[in-house]
Amino acid sequence: MGITRRDFLKYTAVTAAVLGSGTGLKSIMAMGSKPRLLTSYTLTNCEMCYWKCGVTAKVVDGKVVKLDGNPLHPNSRGKLCARGNAGIGLLYDEDRLKSPLISVGKRGEGKFRKASWEEALSYIAEKMETIKKNYGPESVALFAHGSSGQYFGRLIHAFGSPNVAQPSFAQCRGPRDVGYELTFGENPGGPERVDMGKSKAVVLFGTHLGENMHNSQVQDFAEALGNRAKLIVIDPRYSLAAGKADYWLPIRPGSDMALMLAWINILITENLYDKEYIDSYSAGFKELAVHVAQYTPEWAEKETEIPASLIAETVRELGKNKPAVCVHPGRHATWYGNDVQRSRCLALITALLGAWGREGGIFLATNASLPEFEEKEYPEPAKESLIALCPYPFAGAEGVTNVIRDATISGKPYPVKGWIVVGTNLLKAMPDQKATMNAINQLDLIVSVDVMPYDTAMVSDVVLPECTYLERFDDITVSRGRSLGLEIRRTVVKPMYESRDGYTIARELSKKLNLADYFPWATVEEKIKARCGVWNIDYNELSAKGFISMPGSAAPYISPDNQPVFNTASGKIELYSSELKNKGFDPLPIYSPVDQPKEGSFRLLYGRSPVHTFCRTTNNKILTELFRENEVWINAGKARSLGLRSGDYVVLQNQDGVKSHRIKVKATQRIREDCVYMVHGFCSESKELGRAYHKGASDQGLITKYAVDPICGSTGMRVNFVTVAREV
Ligand code: MGD
Ligand code: SF4
């Protein structure tokens, strides 16, 4: 093989170091011919979206060459989606942030100079201290999304501010979670506890599984289809899932609740509901029955444009297959501003079918738990959080981004002068970009911690380059599915350029703010080891497997020995919500129609591509080869009447006169005449992004109007209308 003793010792030393650090499952030397390759495999998890699939990363000579799904991990089961495979495209993206940057010139001009970490962190700390002195610590707020948010959450709470918000609540699943919590006392979880692999019927209201790509959930969906489960898809667009459906109901946008209420009516009047389940576990059935009597299928036909006979036929399928019916709770639920009540309707249908806690429906979360891992407690904040003071009583612990934005603009109930933005591109995540910029312009400090120079980073005062998920450890994630699961993220390759991991950045900043006590571990790996010690978990096993499941979980289904617990006011499934009533809201969902587009305009709908995650992948070299720019779907007949064909470029203009960048037409029969559709997240304004800059059109740019849900403060974003004109 032509290997010298010296070579052998060198390679075994490296291999031992690799294995000793827990990095590799095995190390292979391809010896003899040149070049000599050292291959290792590291188990970690993905952050190309927020599903956190388990990953096996193959590294050859220090370069990541292949990512595969970890077969032991329940979210991947040996597979990754296209984005997961394309993590290498993020790691080696030439446009990555490479060093800390400090803005020069006017805010938003996008002019920066390089700075050392020492200078950048001192600058931030000094500004934060000045804001604290002038206004109080609560005047610095954190916006975060993704794994690194937790470290900055710790920092900001230690600093004395209670103001933290994530777009994953107010622009995403907030109203859904609240609707289910009000009904069942808990939300359907993330990953959602949908038992589709065992379902006899599956219902998708707007949930476009397959385009909306969450790995294991799509695998379960495929299993349901393979088992010939009845599939009912309600969507104004013939989505990928609709293409597999037994029933596609092309509903008039905004009228889903009318269909749901009519279904509830039929379930009750035709005795299709699970009487025994409802008698045992729920409260308020009589009130619900009286309330929905008005919502007949004939009435719903007028609202939804779905024939009454089809409304009845589809719900009878559900009644026939109960309780093994999965009415998918959805995820991105911020549609029309009545979103908690619409989500409540989904929860009520699930309850009437007896599907909560039943095989094929929504399975129960494990009741296993871990001992408390004690960390230094935060100081009591001097002022209540903006979320506690806001007018939305069910705003939730994850915070409401728009509440903090509003307070920043108005200065009420108290001023907000500093934003720390971690792993979220607020200008693309929140509706009304003008308002976001207006708020940013009121600030004394805005800091972005990001991997890429996306839009919000480009309008920040200081930009801190975080390394990608393949270059860092992240703290243990505890998931509550069928069992209690523990997973960690591990460093696959060393951080490139001057980038650092989120924990280190937060810890170094804490030192400058005299808050180092809150970060006693030198690295996040040390913290993980400490947690493993307290929980009596073998760190080496966790590292080697990437995911471990804790014993002691209860069965996921209701049985005589496994009775469900409902953490509602009554301790029952609240069909009639006493909590809503007490706060002055309708205890039972009431339908009110939404505005419809005027002649010549279309409702703007948006959704997902299976190969992109919001904006974060739009510069990825691999993924842009698959899907470079979004298209606008327009009904083929309407396109013809406008003289447009697929491939033509058009400009959209919304009701407030805001115009989009050019976007390609997709003329198709697969969408109703009253709406147009595009994939969310495209058209970055950042010139630093070679592939994402001005590619396609930005849905968010056109979403100048939004409808706030009065119950939880989330922003319904499907309330904008556009006209379509050929690009000139
Ligand atoms: P992303 O676009 O995934 O999510 O919106 P965002 O929270 O903005 O990522 C934003 C930023 O994270 C990018 O700048 C990316 O470079 C950075 N990033 C990626 N990886 C890392 C990392 O490891 N560390 C750090 N520090 N940064 C990283 C999502 C939000 O948007 C959500 S959850 C939903 S559901 C809503 N969807 C939605 C929609 O469908 N339509 C419209 N119009 N608006 C929406 N807003 C919401
Ligand atoms: Fe990564 Fe895809 Fe899993 Fe998301 S669903 S974590 S992108 S592999």
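Residues numbered from 1 in each chain as written. Chains lettered and ligands numbered in written order. Predicted model: local features only at pLDDT ≥ 70, side-chain atom pairs only at ≥ 80, totals over all residues. Heavy atoms only, no water.

J.: Mind showing me how you'd approach the sheet that holds strand β10 (residues 230-234) here?
T.: Neighbouring strands of a sheet are bound in pairs by backbone hydrogen bonds; such pairs are parallel or else antiparallel. As summarised here, the arrangement of the four strands in space is β11-β10-β9-β13, forming an open sheet in which the pairing is parallel. The open sheet has two free edges, formed respectively by β11 (247-249) and β13 (325-327), since each of these has just one partner strand. Along the sheet, successive strands turn relative to each other by an average axial angle of 10°, direction set aside. Taken together, the three bridges between strand β9 (residues 201-205) and β13 define a ladder with parallel strand orientation. Bridge pairing in β13 links V202 to C326. (Pairing = 2+ DSSP bridges. Helix = DSSP H or I, 4+ residues; strand = E, 2+ residues; numbered from the N terminus. Axes fitted to C-alpha atoms, helices over the stretch in contact; angles between N-to-C directions.)

J.: Sorry if this is basic, but what is going on with the site of ligand 2 here?
T.: Around ligand 2 lies a shell formed by C46, M48, C49, W51, K52, C53, L80, C81, R83, G84, M213 and N215. Spatially, ligand 2 is embedded in the second largest cavity. Taken together, the residues of the shell around ligand 2 sort by class into eight nonpolar, two polar and two charged. (Near = heavy atom within 4 Å. 1 Å grid on protein atoms, 1.4 Å probe; cavity = no way out; pocket = protein on both sides within 12 Å on 5 of 7 lines; lining within 4 Å. Sits in = over half its atoms within 2 Å of the grid points. Nonpolar A, V, L, I, M, F, W, Y, C, P; charged D, E, K, R; others polar.)

J.: What exactly am I supposed to notice about the packing of aromatic side chains here?
T.: The geometry of an aromatic ring pair is captured by the separation of the ring centres together with the interplanar angle, meaning the angle of the planes. If you walk through the whole model with that rule in mind, you get 20 aromatic pairs. Considering the side-chain rings of W299 and Y591, the 5.3 Å spacing of their centres and the 85° angle between planes classify their relative orientation as edge-to-face. Of this pair, W299 sits in helix α11 (residues 297-304) while Y591 is found in the loop between α22 (578-582) and β21 (602-607), placing the two residues 292 residues apart along the sequence. Judged by relative accessible area, which is 22%, W299 ranks as partly exposed. Here Y378 and Y518 contribute two aromatic rings whose centre-to-centre distance is 6.3 Å and whose plane-to-plane angle is 20°, an arrangement assigned as stacked. Of this pair, Y378 sits in the loop between α13 (339-352) and α14 (386-389) while Y518 sits in the loop between α19 (502-512) and α20 (524-535); the two residues are 140 residues apart in sequence, bridging distant segments of the chain. Judged by its relative accessible area of 9%, Y518 falls in the buried class. Every member of this aromatic cluster is reached through a ring pair, and the members are Y151, Y503 and F519. Over the ring of W633 we find R237; its NZ or CZ atom is 4.7 Å from the centre of that ring. Note that K666 overlies the ring of W633, its terminal NZ or CZ placed 4.6 Å from the centroid. (Phe/Tyr/Trp six-rings, centres within 6.5 Å; stacked < 30°, edge-to-face > 60°. Buried < 20%, exposed > 50% of the residue type's maximum accessible area, 1.4 Å probe, protein only. Lys NZ or Arg CZ within 6 Å of the ring centre and 35° of its normal.)

J.: Sorry, what's going on with the sheet that holds strand β8 (residues 164-165) here?
T.: Across the sheet, which stays open at both edges, the seven strands sit in the order β6-β5-β16-β15-β14-β7-β8 with mixed pairing between neighbours. The open sheet is flanked by β6 (112-114) and β8, the only strands paired with a single partner. The pairing of strand β5 (residues 101-103) with strand β16 (residues 462-465) spans two bridges and is antiparallel. Its bridge partner lying in β16, L101 is registered against V463. Across the sheet, helix α5 (residues 149-159) touches β7 (140-144), β8, β14 (418-422) and β15 (445-450), and the angle it forms with β7 is around 165°. (Contact = heavy atoms within 4.5 Å.)

J.: Before we go on, may I ask you to explain empty space enclosed by the protein in this structure?
T.: A probe as big as a water molecule, rolled over the atoms, marks out the empty space that is left. Counted by the stated rule, this structure contains five cavities of 30 Å³ or more. The computed volume of the largest cavity comes to approximately 630 Å³. In this structure, the largest cavity is lined by 39 residues; those nearest its centre are Y50, H145, G423, T424 and R616. Among the secondary structure elements, those contributing two or more residues to the lining of the largest cavity are α6 (167-184), α16 (426-429), β15 and α25 (699-702). When residues of the lining of the largest cavity are assigned to their parent elements, the largest contribution, four residues, is made by α6. When grouped by side-chain class, the residues that make up the lining of the largest cavity number 17 nonpolar, 14 polar and eight charged. (Points joined across faces, edges and corners; volume = space filled by probe spheres on them.)

J.: Explain helix α4 (residues 117-135) here, please?
T.: The end-to-end C-alpha distance of α4, which contains 19 residues, comes to 27 Å, matching closely the 27 Å that a straight helix rising 1.5 Å per residue would cover. Of the positions making up α4, those classed as buried are W117, A120, L121, I124, A125, M128 and I131. The buried residues of α4 occupy one face: seen down the axis, they fall within an arc of 125°. The exposed residues of α4 that point more than 90 degrees off its buried face are E126, K133 and N134. Directly after α4, the chain includes G136, whose backbone phi takes a positive value near 110°. (Expected span 1.5 Å × (residues − 1). Arc of directions from axis to C-beta.)

J.: How should the nonpolar core be read in this particular structure?
T.: Burial of nonpolar side chains together is a common tendency in soluble globular proteins. Counting 69 residues, the largest nonpolar core has I234, W263, I264, L288, L318 and L352 as the members making the most contacts within it. Examining the composition of this core, we find that eleven residues originate from one element, helix α8 (residues 256-269), more than from any other. Excluding residues that lie within four positions of it along the chain, L352 makes contacts with I264, L267, I268, Y273, D274, I278, F285 and L288. Counting residues in hydrophobic clusters, the runner-up holds 51 residues, among them V449, Y503, Y518 and C532. (Core = buried A, V, L, I, M, F, W, Y, C linked by side-chain atoms within 4.5 Å.)

J.: Can you help me understand the domain arrangement of the protein in this one?
T.: A common way to express how large an interface is: the accessible area buried when the components associate. Each assigned domain of the protein is listed with its residue range as follows: domain 1 (1-80 + 472-496 + 538-550), domain 2 (101-166 + 399-466 + 501-519), domain 3 (177-364 + 557-582) and domain 4 (602-726). Here the C-alpha centroids of domain 3 and domain 4 sit 29 Å apart. Across the contact, 27 residues belong to domain 3 and 26 residues belong to domain 4. Buried area between domain 3 and domain 4, both sides added, is near 2,100 Å², and the carbon and sulfur share of it is 59%. On the surface where domain 3 and domain 4 come into contact, there are one salt bridge. The salt bridge involving E305 is made with R672; its shortest N-O contact spans 2.6 Å. (Domains from an automatic or database assignment. Buried area = accessible area lost by both parts, 1.4 Å probe. Salt bridge = Lys/Arg side-chain N within 4 Å of Asp/Glu carboxyl O.)

J.: Mind showing me how you'd approach the pairing of β16 here?
T.: Where burial is concerned, the two faces of β16 agree: the one with V462 and L464 and the one with V463 and P465 are both buried. Both β15 and β16 contribute to a ladder of four bridges, which runs parallel. In the strand pairing of β16, D450 is matched with P465.

J.: Which parts of the structure should I look at to understand the side chain of S216?
T.: Summarising the element assignment, S216 is placed in helix α7 (residues 215-226). Discounting chain neighbours no more than four positions away, the residues touching S216 are W51, P74, N75 and R77.

J.: Please explain the pairing of strand β25 (residues 675-679) as it appears in this structure.
T.: Two faces make up the sheet, and in a regular strand the side chains alternate between them. When you tally the buried positions in β25, you get five out of five residues, the bulk of the element. Neither face of β25 is left uncovered, since the one carrying C675, Y677 and V679 and the one carrying V676 and M678 both have all their residues buried. One ladder, built from five bridges, connects β21 with β25; its direction is parallel. From the neighbouring strand, R603 faces β25, where its bridge partner is C675.

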